[in-house]
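Fold and contact review
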Amino acid sequence: MNIIKLDATPSTNDFLKALLTNQFVENFTVVTAENQTSGRGQMGAKWEVESGKNLTFSVLVKDVLVEITSIFHLNVLVAVSITEALQRFTISNLAIKWPNDILAENKKIAGVLIENSLKSNGEIFSVVGIGLNVNQKNFDDLPKATSLSCILNHDLDKEAVLVSIIQNLKRNVALLQIGDYDKFWEAYNQKLFKKGIPMPFEDKNGVRFMGIIQGVTANGKLEVLLDNDSLKTFDIKEVQMLY
Ligand code: BTX
């Protein structure tokens, strides 16, 4: 496994993307940082962790997407690969909050930020950034966050967790490449947070409404049953779950 270990960097996603512009980088190269000074989440959000205690890393996945419109397939695969690894470390009460948060005991334990770029030769490079809370115990500023050690009451070997995730990801990418997507999609839907439970949402215009999540479509849209019994699908930027 090709792992580049950094003490500190603003963002492992940015480090890996910069590396890609300068040199050949092997598929599944991993960049880890003990301290990420400007960790990024979705749409300008920040990923904040105590230095040295957690996993913040990025993996290069080349050409797993057949086309840029199948972006969500990789999201599904990554979320499932992380939950499989967490199960190996005996975490059981896991859920996937659409589109790509991993929750353990109803609190966020991991976040995923995937950034894709289309190269001039037609290849699609995906930089898969993962933040996983491992040995941090204090989340005073993030009451909806948790870590492996908060749940298990002991510290873990971060490297062992990292290796488990990467091994799962490699195996699952190989399965996706032979067309085995449905089983990941089913596993994702099976773990979907708040599925079947009435809950409040807010649309992109700030309008609040109640709905019941039915599932996620194969191309990544959230399918919600509305009060008037109609089904509506939402894109990632079109709706927010208020929970
Ligand atoms: P997200 O936008 O879904 O989540 C960000 C939100 O999650 C924040 O606004 C905050 O409420 C909450 N949050 C911040 N830090 C934590 C934490 N440590 N644990 C739980 N909740 C938190 C999720 O974005 C995607 C995060 C990807 C992070 C990785 S780290 C390696 C790579 N490099 C990089 O810059 N980003 C990725």
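Further up the page is the structure itself.
A few points on the structure. All values reported here derive from a predicted model rather than from experimental measurement. (Residues numbered from 1 in each chain as written. Predicted model: local features only at pLDDT ≥ 70, side-chain atom pairs only at ≥ 80, totals over all residues. Heavy atoms only, no water.)

**Comments concerning the sheet that holds strand β1 (residues 3–9)**
Strands sit in the order β1-β2-β3-β7-β6-β5-β4 across an open sheet of 7 strands; the sheet is mixed. Where the open sheet ends on each side, the last strands, each with one partner, are β1 and β4 (94–97). Pairwise comparison of adjacent strand axes, ignoring direction, gives a mean angle of 20° for this sheet. Pairing of strand β3 (residues 55–62) with strand β7 (residues 124–132) involves 8 bridges; the strand directions are antiparallel. Within β7, the position partnered with T56 by the bridge is G131. Where helix α4 (residues 158–177) meets the sheet, its contacts fall on β1, β2 (30–36), β3 and β7, and the angle it forms with β3 comes to roughly 25°. (Pairing = 2+ DSSP bridges. Helix = DSSP H or I, 4+ residues; strand = E, 2+ residues; numbered from the N terminus. Axes fitted to C-alpha atoms, helices over the stretch in contact; angles between N-to-C directions. Contact = heavy atoms within 4.5 Å.)

**Quick notes on the layout of surface pockets**
Here the largest pocket is characterised by a volume of approximately 1000 Å³. Lining the largest pocket we find 39 residues, and of these Q42, A45, K97, D101 and K108 sit closest to its centre. Broken down by element, the lining of the largest pocket gets its largest block of residues, 4 residues, from strand β6 (residues 107–118). Its residues assigned to classes, the lining of the largest pocket shows 16 nonpolar, 14 polar and 9 charged. (1 Å grid on protein atoms, 1.4 Å probe; cavity = no way out; pocket = protein on both sides within 12 Å on 5 of 7 lines; lining within 4 Å. Points joined across faces, edges and corners; volume = space filled by probe spheres on them. Nonpolar A, V, L, I, M, F, W, Y, C, P; charged D, E, K, R; others polar.)

**Some thoughts on the environment of N172**
By the element assignment, N172 lies in helix α4. Along the sequence, N172 and L113 sit 59 residues apart, while their C-alpha atoms lie 18 Å from each other. For N172, the residues in contact, after removing those within four places along its chain, are L77, S81, E84 and F184.

**Things to note about the sheet that holds strand β9 (residues 208–216)**
Taken in spatial order, the 5 strands line up as β11-β10-β9-β8-β12 in an open sheet, and their pairing is antiparallel. Across the chains shown, the open sheet's two edge strands, defined by having one partner strand only, are β11 (231–234) and β12 (239–241). Neighbour-to-neighbour, the strand axes of this sheet turn through a mean angle of 50°, independent of strand direction. In the sheet, strand β8 (residues 198–203) pairs with β9 via 5 bridges, with the strands oriented antiparallel. Bridged to F201 within β9 is F209.

**Points about the pairing of β8**
As a general feature of sheets, a regular strand has side chains that alternate between the two faces. In sequence, β8 turns back onto β9 through a hairpin of 4 residues, with G206 there showing a positive phi of about 85°. Relative to β12, β8 runs antiparallel, the two being bridged by 3 bridges. Looking across to β12, one finds that F201 is bridged to M241.

**Some thoughts on the pairing of strand β5 (residues 101–104)**
Of the two faces of β5, the one lined by D101 and L103 and the one lined by I102 and A104 are each fully buried. Here β4 pairs with β5 via 4 bridges, running antiparallel. Looking across to β5, one finds that A95 is bridged to L103. Hairpin remark: β4 followed by β5, antiparallel, with 3 residues in the connecting loop. With 4 bridges connecting them, β5 and β6 associate as antiparallel partners. (Buried < 20%, exposed > 50% of the residue type's maximum accessible area, 1.4 Å probe, protein only.)

**Side note on unusual backbone geometry**
Residue P99 is reached from W98 by a cis peptide bond, and omega for that bond is 0°. By the element assignment, P99 lies in the loop between β4 and β5. Backbone geometry places T90, a non-glycine residue, at a positive phi of 65°. Mapped onto the fold, T90 is located in the loop between α2 (71–88) and β4. Even without being glycine, K194 reaches a positive phi, approximately 65°.

**So, the packing of aromatic side chains**
If you walk through the whole model with that rule in mind, you get 3 aromatic pairs. Where F72 meets Y188, the ring centres are 5.7 Å apart and the plane angle is 80°; that geometry is what we call edge-to-face. Pair noted here: F72 is in helix α2 and Y188 is in helix α5 (residues 182–190), with a separation of 116 residues, a long-range link. Take F72: its relative accessible area is 6%, and that puts it in the buried class. Classification of Y188 as buried rests on a relative accessible area of 0%. Ring centres of F201 and F209 lie 5.4 Å apart, and the angle between their planes is 10°; this geometry places the pair in the stacked category. (Phe/Tyr/Trp six-rings, centres within 6.5 Å; stacked < 30°, edge-to-face > 60°.)

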